[in-house]
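Letter by letter, the chains look like this.
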Amino acid sequence: MSPSIFAGQATAAPAPEWSQWQHSCNPHTQQTRVSFSSMAPEQRKAYTDAIECIHSQPSNLDKAQYPAAVNKYQDYSVVHTNRTGQVHLSGFFLTWHRYFIHLFEKDMRETCGYKGPLPYWDFSENLQGSVVFDGSPYSLGSDGAPNGTAPIALGPQLVIPHGTGGGCMKSGPFSDWTATLGFIDPLFLISGAPLPKNTYDYNPNCLSRDINAYAAQTWTNYSEVVMTSHSPNAQALEFNVNGVIGGSALGVHSAAHFIVGGFMGSIHVSVQDPIWWALHTNLDRIYTSWQLNNPSVASELYGTMTAHNAPPSANVTLDSIEPDWGYFDRSAIPVKNLLNTTAGPFCYTYDKLIS
Ligand SMILES: [Cu+2]
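It should be emphasised that the depicted structure is a prediction, and the values quoted were computed from it without experimental measurement. (Residues numbered from 1 in each chain as written. Predicted model: local features only at pLDDT ≥ 70, side-chain atom pairs only at ≥ 80, totals over all residues. Heavy atoms only, no water.)

Now for the side chain of Thr 228. Inspection of the secondary structure assignment puts Thr 228 in helix 7 (residues 222-229). Side-chain polar atoms of Thr 228 contact the backbone oxygen of Glu 224, separated by 2.7 Å. (Helix = DSSP H or I, 4+ residues; strand = E, 2+ residues; numbered from the N terminus. Polar contact = N/O pair within 3.5 Å; in protein donor to acceptor, adjacent residues only side chain to side chain.)

Structure representation (structure tokens):
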């Protein structure tokens, strides 16, 4: 399959010399990522302000081709949607997302002057009383307004109770945002069918949420997270992270999306809800923990170059070139360059790893 489905993609430039990337990371230059709920209120607000700042920048995408790309934040959502079929349920998943977060962080720092740490949302924490969703100016936004009580079918074999929201976000950062990409059923990932023709149309909606304690207690509790970070190999890690889409089990990653609900329930367009970054940073924390807990398999990969191997494709190897990140980075970066959080383009660790 062609790696160049992203329209207007230029021929990939070679990646920067690996050795040049490495020299500057040491314990003094390394950033430490922290839990959002451990940050001081002003620190939390500086983080959401930086995301608001990206949202206030103009789009750099072609308006005719991507009418939904109404600002730079939505460019990230569009790029992620465009790449979804290659970088989920595939061998690229964890490393592609690691670098996507890195690019967004870089943008927050370079474009918006963000100086604080990059936070993660520890989704094994109790939701009750959590500062993450309390809807204050120091949160990551509130739950959605109560709307409906019917159980939610996440697939043919999986029905969970309704959460406490379902409607538009009520307060806090991002509650006045407009999602411009319509919901795309995650089952598109399994079928490998092309995305609907209207995928990038301007389709305005409020950001909705439906905070779901059942999903959290069942699939992202602390023992699930510990178990995931001790998966014996990359295949087991994939199962514990993503479960079986369309089946009856969720992994910590898919379940975390369903804790928030709304657009987070659509893998393709979930970036539209900014909780996405803190969620995926926590997933990267789990991945990093897994790598450190399992040194003998830390660089193992599991999966092919297409989601759920549909259409069928070759296995991803350490030398496979990552699908690009749209205009945010078109370099040809091999997977092996993105395995280590303190080498190559990365220089960070976490305040708390899971052992
Ligand atoms: Cu994703």
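On to the coordination of the copper ion, then. Only His 80 (NE2), His 88 (NE2) and His 97 (NE2) from the protein coordinate the copper ion, and they sit 2.0 Å from it. Here the donor residues of the copper ion share one chain and are spaced in sequence as H-x7-H-x8-H. His 88 shares its class with His 80; the two are buried. (Donors = N, O, S within 2.8 Å, 3.2 Å for Na, K, Ca; no water. Buried < 20%, exposed > 50% of the residue type's maximum accessible area, 1.4 Å probe, protein only.)

As annotated by UniProt and renumbered to match this structure, "domain: Tyrosinase copper-binding" (unreviewed entry) occupies residues 71-291. Between the end C-alpha atoms of residues 71-291 the distance is 36 Å, and the span holds 41% helix and 9% strand. (UniProt positions renumbered as here; feature names shortened; annotations may be inferred.)

Another aspect to go through is the packing of helix 3 (residues 72-87) against helix 4 (residues 93-112). For the pair helix 3 and helix 4, the least separation of the axes is 12 Å and the interaxial angle reads 170°. Between helix 3 and helix 4, the interaxial angle falls into the category roughly antiparallel. Contacts between helix 3 and helix 4 involve Lys 72, Tyr 73, Tyr 76, Val 79, His 80, Arg 83 and Val 87 from the former and Phe 93, Trp 96, His 97, Phe 100, Leu 103, Phe 104, Asp 107 and Thr 111 from the latter. Taken together, the residues of the contact of helix 3 with helix 4 sort by class into nine nonpolar, three polar and three charged. (Axes fitted to C-alpha atoms, helices over the stretch in contact; angles between N-to-C directions. Parallel < 35°, antiparallel > 145°, perpendicular 65-115°, else oblique. Contact = heavy atoms within 4.5 Å. Nonpolar A, V, L, I, M, F, W, Y, C, P; charged D, E, K, R; others polar.)

With that settled, consider the environment of Asp 201. Mapped onto the secondary structure, Asp 201 falls in the loop between helix 5 (188-191) and strand 8 (205-206). When its relative accessible area of 37% is taken as the criterion, Asp 201 is described as partly exposed. Distance in space between the C-alpha atoms of Asp 201 and Cys 347 is 37 Å, their sequence separation being 146 residues. With residues up to four places along the chain from it excluded, the contact list for Asp 201 reads Pro 67, Ala 68 and Thr 180.

The next subject is the pairing of strand 1 (residues 31-35). A regular strand carries its side chains on alternate faces of the sheet. Across three bridges, the pairing between strand 1 and strand 9 (residues 348-350) is parallel. Bridged to Arg 33 within strand 9 is Tyr 350. Bridge count between strand 1 and strand 2 (residues 119-120): two bridges; the pairing is parallel. Within the sheet, the bridge partner assigned to Val 34 lies in strand 2 and is Pro 119. (Pairing = 2+ DSSP bridges.)

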